[in-house]
Amino acid sequence: MTVLVFTETNDGKLKKASREALTIGRKLGAGDVVAFASDASVAEEAGKFGATKLYVTNVAGYLTEPYTAALAQVIKDTQANVVLFGGTSNGRDLAPRVAARLDAGVASDVDRLEWTDGKLRARRPVYSGKAFATVEVTSNPAIATTRPNAFPAEEAGGGAAEVVNVSADATSRVKLVETKVPEAGELSIAEADIIVSGGRGLKEAANFSYIRDLAHAIGGAVGASRATVDAGWIDHQHQVGQTGRVVSPNVYIAAGVSGAIQHLAGMSSSKHIIAINKDPEAPIFRVADLGVVGDLFQILPELTEEVKKAKAH
Amino acid sequence: MNSVVCISHVPDTESRIKIAAGGKKIDETGLKFIVSPYDEIALEAAVRLKEAKGGDVTVLTFGPDRAQQALREALARGANKAMHVKGESGDADSLGIAKVLAAAIRTIPHDVVFLGKQGVGTDNGLVGPMLAELLGYPQINVVTELEFGEGNVTAHREIEGAEEILETGLPVIVTAQKGLNEPRYAKLQGIMAAKKVAVDAKSISDLGLDESDVLNKRVNVVSIELPAEKTGGRKIDGSDAKAAAAEIVKYIKDEAKAL
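Residues numbered from 1 in each chain as written. Chains lettered and ligands numbered in written order. Predicted model: local features only at pLDDT ≥ 70, side-chain atom pairs only at ≥ 80, totals over all residues. Heavy atoms only, no water.

1. Thoughts on the interface of chain A and chain B
Then step 1. Each partner contributes residues to the interface: chain A has 90 residues there, and chain B has 83 residues.
Then step 2. Of the roughly 7,400 Å² buried between chain A and chain B, counting both surfaces, carbon and sulfur atoms make up 55%.
Then step 3. For the pair chain A and chain B, the interface holds seven salt bridges.
Then step 4. If you look at where chain A meets chain B, you find 45 residue pairs in polar contact (both at pLDDT 80 or more).
Then step 5. It is helix α4 (residues 89-102) of chain A that contributes the most residues to the side of chain A that touches chain B, nine residues altogether. (Contact = heavy atoms within 4.5 Å. Buried area = accessible area lost by both parts, 1.4 Å probe. Salt bridge = Lys/Arg side-chain N within 4 Å of Asp/Glu carboxyl O. Polar contact = N/O pair within 3.5 Å; in protein donor to acceptor, adjacent residues only side chain to side chain. Helix = DSSP H or I, 4+ residues; strand = E, 2+ residues; numbered from the N terminus.)

Below is the structure:
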C-alpha cells in the first residue's frame, strides 16, 4: 500500500500545507509514504516528514497540464492507493484534474482523515462550517485535499527521501505571462496562524490601518467581513466567510465584526477567538473565547503596543 | 462567441442548516434556494462577453425539478438559452456531476465554459477542473480578471497573496472568483423575456450516460452533522483600553501560546 503526497516548495523548503499533508499521510497508516515535488533539494526535509521516496518532475513552475501528466504517471508507477494534496491554490487546481483523469473520487478541504477497513474516510466542513459531512472515498486511488492548519506538521525523523526523476509530457496550452504580487509583504489569510479581521465597526476604509498595524505587529494576516469588502474598503482576497475564505488559524481576532451567520461559518473553527465589539449583544461573542466589550479605536492601538512589547522580550 | 455557464441551485448563504431524518442530507424544508453566488459571477462574465462579441449564452444545470428556478433567474439576467439535466445531483460526487455537464456541453455550441470556483454549500471546488479534463480543455481557475482576444483569453488567477496572469486559446474552462465583476440584478424586461425561453430538459440517460456511473459512486456520504454549539467564553469590560489590551495579550500568551 502506498500514500502519495503532492508537495510544494518555497525557497527550497516544503510549504506548511505540504508538511501538514505529509504528516497526516504518515499517520493514516495506510502504507509507505512517498512524495511528489518540483525541487529535489527538499528530499531531506520530505524524509524527515516520513517520505521514503521523492518523485521530482522536470517542470519547475506550476502549470496544470504538465503537473497532471507527471502526477498521473507517478500514481501509476507507485500504484498509490491514497493521494493527498495540501489545500493550496495549486493543490486545489490539480487534485480534481488528476482525479478526472483516473476516474477517482475526491474529498476536498478535509479537516479529519482516517484509513478504515481499506477505505479513506474524511470529515469536511460543508455550508462553510455550518455542518460537517463525513464521507468515504471508495475509488482506487482515493484522493483528498487537506484544509490548511487543520492538521499538525510533525517530523518523524526519517533519513533523506530517495530522489526519483519523473519525465512526463511538459506541454502546456496555458502560458504564465507574469506573477503579480499586489500588496507586497502581506500574508495570505489562507495559511496564516494569526488573523486580525475588521468589520463595519471600522466605519471607513482608512481605518483598516488599525487592523493592519496590529496584524503587522503580531505577524498575522489581515481579514475582513463581507460588508467591508462589498463597500470597497478592502480587496476580496481578505474576505473571511461563506463567500470568502473559510479559515481556521490558531488565533482569530475580530474587531468591529458583528458576526453575521456567513462570517461565523467562515471562522468559528479557529482555535482561539478574540472579539472586540462595542455592542455586548453582537453575535460574534457567541463564538468568542475571549470577548471584549469596548471601543476598538481605543483598544486596538493599546493592543498593538502591548504586542510589540511582548515581542521585544 | 458562444458560452455555456454551469450553475447550481443552493441554499441561501443566510440559511440556518438543519439535518434531515436519516442523518445524511440537509433538510430542505423552508429553505430559500438561490443561484450559487460564484455562478452568478460566471454568468455575468458570459453575458458581458455576449454583449461585446455577440453569440449565445446557454445556462446549464444538473439538479432536481426546483433547479429550474435557477435557470429562470439566469435567463432573466441575460442568458438566452437554457438546459436542465434532471436528476438527484445531491447523490452524485463531483466527478459524476462533471460527467453529466460534460456530456451536456458536447451538445451545445461553445467557445468558453464558465462556472463558479465552487458551489456554495457543498464547497468542493472540484467540478471546473474535472470538466476541463473530461472535455480535454485548458483550465483557468479562480479568475479575478478576464479579457478575450481573437481566439484567446488572458486571465488573472488568484493564488496565495498574489495573482498569476495566464494566457490560453479557446475553448477553455474558466472558474469565477469574487472580484471578477459585479453581477447585475434582473430587470422586469429580462424577467418577461425569460418566461418565453423554452428550457431544454434532459435526463441523465438522454445524454448517453449510465446513472450508476453518476450517482452514489466514488464518494459516499456517511453522515452529516451540525457542529457542537459554542457557548461563548469569557466576556470582559473593555472601557479601560489599556487593561483590556493587557488581558488580550495575556490570553494569547497563555492559552494560544502564540506570543
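2. Here we look at the sheet that holds strand β10 (residues 131-137) of chain A
Then step 1. Taken in spatial order, the four strands of this open sheet run β8(A)-β9(A)-β10(A)-β12(B), and their pairing is antiparallel. Sheet topology places β8 (112-116) of chain A together with β12 (219-225) of chain B at the edges, where each strand pairs with a single neighbour. Ignoring strand direction, the axes of neighbouring strands in this sheet form an average angle of 25°.
Then step 2. When β8 of chain A meets strand β9 (residues 119-126) of chain A, the two strands line up antiparallel, connected through five bridges. (Pairing = 2+ DSSP bridges. Axes fitted to C-alpha atoms, helices over the stretch in contact; angles between N-to-C directions.)

3. Observations concerning helix α6 (residues 241-254) of chain B
Then step 1. End to end, α6 of chain B covers 20 Å across 14 residues, agreeing with the expected 20 Å (1.5 Å per residue, within 8%).
Then step 2. Of all the positions in α6 of chain B, only Ala241, Ala244, Ala245, Ile248, Val249, Tyr251 and Ile252 of chain B are classed as buried. End-on view of α6 of chain B: buried residues confined to an arc of 160°, all on one side of the axis.
Then step 3. Buried residues in α6 of chain B make contact with α5 (208-218), β16 (251-255), β17 (272-277), β18 (290-293) and α9 (296-312) of chain A together with β13 (234-237) of chain B.
Then step 4. Sitting at the head of α6 of chain B, Asp240 of chain B places a side-chain oxygen 3.2 Å from the backbone nitrogen of Lys242 of chain B. (Expected span 1.5 Å × (residues − 1). Buried < 20%, exposed > 50% of the residue type's maximum accessible area, 1.4 Å probe, protein only. Arc of directions from axis to C-beta.)

4. So, the domain arrangement of chain B
Then step 1. Domains assigned within chain B are domain 1 (3-214) and domain 2 (231-259).
Then step 2. Each of domain 1 of chain B and domain 2 of chain B has a C-alpha centre, and these two points are 45 Å apart. (Domains from an automatic or database assignment.)

5. Overview of the nonpolar core
Then step 1. The biggest cluster of nonpolar side chains holds 56 residues, and the ones touching the most others in it are Leu4, Phe36 and Leu71 of chain A together with Leu60, Ile105 and Leu131 of chain B.
Then step 2. Tallying contributions element by element places helix α3 (residues 94-105) of chain B first for this core, with eight residues.
Then step 3. Leu131 of chain B has contacts with Cys6, Ala98, Leu101, Ala102, Ile105, Val113, Leu115 and Ile173 of chain B, leaving out every residue within four places of it along the chain.
Then step 4. Residues Leu54, Ala122, Val126 and Val137 of chain A belong to the second largest nonpolar core, which totals 41 residues. (Core = buried A, V, L, I, M, F, W, Y, C linked by side-chain atoms within 4.5 Å.)

6. Quick word on the packing of aromatic side chains
Then step 1. The tally for this structure, following the rule as stated, stands at seven aromatic pairs over all chains.
Then step 2. Relative to Tyr67 of chain A, the ring of Phe6 of chain A has its centre 6.5 Å away and its plane inclined at 80°; by these criteria the two rings are edge-to-face. Of this pair, Phe6 of chain A sits in strand β1 (residues 2-6) while Tyr67 of chain A sits in helix α3 (residues 64-78), and the two are 61 residues apart along the sequence.
Then step 3. When the ring of Phe114 of chain B is compared with that of Phe148 of chain B, the centres are 6.2 Å apart and the planes differ by 75°; the resulting orientation is edge-to-face. (Phe/Tyr/Trp six-rings, centres within 6.5 Å; stacked < 30°, edge-to-face > 60°.)

7. Brief notes about the environment of Gly266 of chain A
Residues and elements named next belong to chain A.
Then step 1. With respect to the secondary-structure elements, Gly266 resides in helix α7 (residues 261-267).
Then step 2. With a relative accessible area of 0%, Gly266 lands in the buried category.
Then step 3. Residues Gly266 and Leu120 lie 146 residues apart in sequence; the distance between their C-alpha atoms is 26 Å.
Then step 4. Excluding residues within four positions of it along the chain, Gly266 makes contact with Ser128, Val240, Gly241, Arg245, Val246 and Val247.

8. What about the environment of Ser36 of chain B?
Residue and element names in this part refer to chain B.
Then step 1. Structurally, the position occupied by Ser36 is in the loop between β3 (33-35) and α1 (37-53).
Then step 2. Taking the C-alpha atoms as reference points, Ser36 and His9, 27 residues apart in sequence, are found 6.0 Å from one another.
Then step 3. Not counting residues within four places of it along the chain, the set of residues in contact with Ser36 comprises Ser8, Val10, Gln118, Gly119 and Val120.

9. Some words on the packing of α3 of chain A against α4 of chain A
All names here are of chain A.
Then step 1. One way to put it is that α3 packs onto α4 with a least axis distance of 9 Å and a crossing angle of 55°. In terms of orientation, α3 and α4 fall into the oblique class. Once α3 is placed against α4, the crossing between them reads as right-handed. Across the interface between the two elements, Thr64, Tyr67, Thr68, Ala69, Leu71, Ala72 and Ile75 of α3 pack against Asp93, Leu94, Arg97, Val98, Arg101 and Leu102 of α4.
Then step 2. In terms of residue class, the contact of α3 with α4 is built from eight nonpolar, two polar and three charged. (Parallel < 35°, antiparallel > 145°, perpendicular 65-115°, else oblique. Left-handed = near helix turned anticlockwise from the far one by under 90°. Nonpolar A, V, L, I, M, F, W, Y, C, P; charged D, E, K, R; others polar.)

10. Notes on the side chain of Asp111 of chain A
Then step 1. Residue placement: Asp111 of chain A occurs in the loop between β7 (106-110) and β8.
Then step 2. Excluding its chain neighbours within four sequence positions, the residues that come into contact with Asp111 of chain A are Arg123, Arg124, Pro125, Phe132, Arg147, Ala150 and Phe151 of chain A.

11. Digging into the pairing of strand β6 (residues 112-116) of chain B
Then step 1. Taking burial as the measure, the five residues of β6 of chain B include five buried ones, the bulk of the element.
Then step 2. Residue alternation in β6 of chain B divides its side chains into two sets, Val112, Phe114 and Gly116 of chain B and Val113 and Leu115 of chain B, and both sets are buried.

12. Focus on the pattern of salt bridges
Then step 1. Applying the stated criterion across every chain, the model contains 38 salt bridges over all chains.
Then step 2. Between Lys202 of chain B and Asp200 of chain B there is a salt bridge, with the nearest N and O atoms lying 3.5 Å from each other.

13. What to know about the packing of α5 of chain A against α9 of chain A
Residues and elements named next belong to chain A.
Then step 1. Look at α5 against α9: their axes get within 9 Å of each other, and the N-to-C directions meet at 15°. Looking at the two axes, α5 sits roughly parallel to α9. Considering the relative orientation of α5 and α9, their crossing is left-handed. Across the interface between the two elements, Tyr210, Ile211, Asp213, Leu214, Ala217 and Ile218 of α5 pack against Phe297, Leu300, Pro301, Leu303, Thr304, Val307, Lys308 and Lys311 of α9.

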